[in-house]
Amino acid sequence: MNSMKKNLVLFASFAVIALSACKTAPQEDYSWVKKGIDTATEQLKLTGEEVKGTEQLPRSIRTGYDMNFLCQQLERDSLTFKDSLRAQPAAEDLGKRRLCGVHDWTSGFFPGTLWYTYELNNDEALKALAIDYTNLLNPVRYYKGTHDLGFMINCSYGNALRLSANDSIKAVMVETADNLCSRFNDSIGAIRSWDFGTWNFPVIIDNMMNLDLLFTASKLTGDSKYKEVAVKHADTTMKYHFRPDYTCWHVVSYNNDGTVERRQTHQGKNDDSSWARGQAWAVYGYVACYRETGDKKYLDFAQKIADMIMERVKTDDLIPLWDYDAPQGENTPRDASAASVTASALIEMSTMVPDGKKYLDYAETILKNLSSDAYLAKVGTNQGFILMHSTGSLPNGSEIDTPLNYADYYYMEALKRFIDLKGITIQNL
Ligand code: GLY
């Protein structure tokens, strides 16, 4: 063979090898996504049917607490926090599903989870449940007693608006946004969170999550006033809620002139610790502010918080301990809800920054782990919730190592964001 022929033969052999390599190259394995969606579908149908007719919504499973364990987690003695403890559930209620009324801060999550899961798989039975449970929340449009109106109405009616719009949905959202704005104090530059307690004007980091309702109301009405309130709240929070290392306090209370009255925790280990879900609310909130305003300062801030979270969460599976400063140990409860909120935020943020891949990879690891047997419930167990192992409020002795409806909601939202970004659909999983 002359050398030209030899080269041609070589080229042809390489081409055959390359082509067959392409054909047999292993596809990314996303079976864990399918497992998550299938589990959610079954669990939601089961719960949706069982709870129907009670006029309530599923929230968590009732757990009790052991005082010695709380003292060890908080590194305090029982006397220093006994006033904050909620009553133990009655013995016969332990392990049972905890339902909530429509005015509970978590009422929007169950309908919202139904909407996301319906969006993922087009299952009409889920849509019917989503409509029923969303309609249940109609009276919330007259409620002004909390900042959580954003969580309640944006997660339920907000998703209904995206997936099955009608004029009455718009009316509920705008009316609720007006009520949320009625809690805004212009001299302080923030929305008041709570009406209980001894604080003068408490604002909690969670309140960043209510701003999406206001951004939506501005888009629906063409009136910028809602967005202006959201932006002022975000700016005030950015100024006063964060420490130099980008961790945040849970509660900041203001004096009437806008100066800080107190910085405290309500659900974290202590005033200066980093409560895991608070850090997650923070990054999610500022990603949303960038999405809605295009103001780069919010994105830069969100990225700083994300980097801090990635640095501070030390668990192998990236599901954080309930507080970053909690004792490191086998028995320290995790908070799957903080993980799912973080995953959802980081997937969105990964599309906004040049080095987005590291945030997407991090979120993917969280989601894969949440979709494993360690966190994802087996169908028919876990009182019909999707994920296990979240923590609601440990210092109050409430919802420790339990499923929570908001862990489920942000898990489904994150799965939806993830498969959209990867260009996967349920059909090709
Ligand atoms: N918004 C209350 C909580 O995160 O537990």
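Residues numbered from 1 in each chain as written. Predicted model: local features only at pLDDT ≥ 70, side-chain atom pairs only at ≥ 80, totals over all residues. Heavy atoms only, no water.

Q: Even after reading the chapter, I still don't get the site of the ligand, so can you show me in this structure?
A: Looking at the ligand, the residues that line it are Trp 105, Asp 206, Gln 267, Trp 275, Arg 277, Trp 281 and Tyr 406. In this structure, Asp 206 approaches the ligand through a side-chain N or O atom, which is 2.6 Å from a nitrogen atom. For the ligand, the accessible surface in isolation is 200 Å², of which the surrounding protein chains cover 93%. A class-by-class count of the residues in the shell around the ligand yields four nonpolar, one polar and two charged. (Near = heavy atom within 4 Å. Polar contact = N/O pair within 3.5 Å; in protein donor to acceptor, adjacent residues only side chain to side chain. Areas by Shrake-Rupley, 256 points an atom, 1.4 Å probe, with all protein chains shown as cover. Nonpolar A, V, L, I, M, F, W, Y, C, P; charged D, E, K, R; others polar.)

Q: How should I be thinking about the packing of aromatic side chains in this particular structure?
A: Any pair of aromatic rings gets described here by the distance separating the centres and the angle formed by the planes. With the rule as written, the count across this model stands at 27 aromatic pairs. Lying across the ring of Trp 249, Arg 243 places its NZ or CZ 4.7 Å from the centre. In this arrangement the basic side chain of Arg 263 is found over the ring face of Trp 249, its NZ or CZ atom lying 4.7 Å from the centre. (Phe/Tyr/Trp six-rings, centres within 6.5 Å; stacked < 30°, edge-to-face > 60°. Lys NZ or Arg CZ within 6 Å of the ring centre and 35° of its normal.)

Q: What exactly am I supposed to notice about the sheet that holds strand 6 (residues 251–254) here?
A: Two pairing modes exist for strands in a sheet, parallel and antiparallel, and in both the strands are linked by backbone hydrogen bonds. Spatial strand order, 5-6-7: three strands in an open sheet with antiparallel pairing. The open sheet has two free edges, formed respectively by strand 5 (202–204) and strand 7 (260–264), since each of these has just one partner strand. The average undirected angle you get between the axes of adjacent strands in this sheet is 20 degrees. Relative to strand 7, strand 6 runs antiparallel, the two being bridged by four bridges. Paired with Tyr 254 across the strands is Val 260, a residue of strand 7. (Pairing = 2+ DSSP bridges. Helix = DSSP H or I, 4+ residues; strand = E, 2+ residues; numbered from the N terminus. Axes fitted to C-alpha atoms, helices over the stretch in contact; angles between N-to-C directions.)

Q: Explanation requested: the pattern of salt bridges in the structure shown.
A: Pairing between side chains of opposite charge can happen when their charged atoms approach one another. Counting across every chain of the model gives 37 salt bridges. Across the salt bridge formed by Asp 178 and Lys 225, the nearest N and O atoms sit 3.8 Å from each other. Highlighted residues: Asp 178 in helix 7 (residues 167–181) and Lys 225 in helix 9 (residues 225–240), separated in sequence by 47 residues. Note on Asp 178: relative accessible area 32%, which makes it partly exposed. Put simply, Asp 212, Lys 219, Arg 291, Glu 292, Glu 348, Glu 413 and Arg 417 are held in one network by salt bridges that share partners. (Salt bridge = Lys/Arg side-chain N within 4 Å of Asp/Glu carboxyl O. Buried < 20%, exposed > 50% of the residue type's maximum accessible area, 1.4 Å probe, protein only.)

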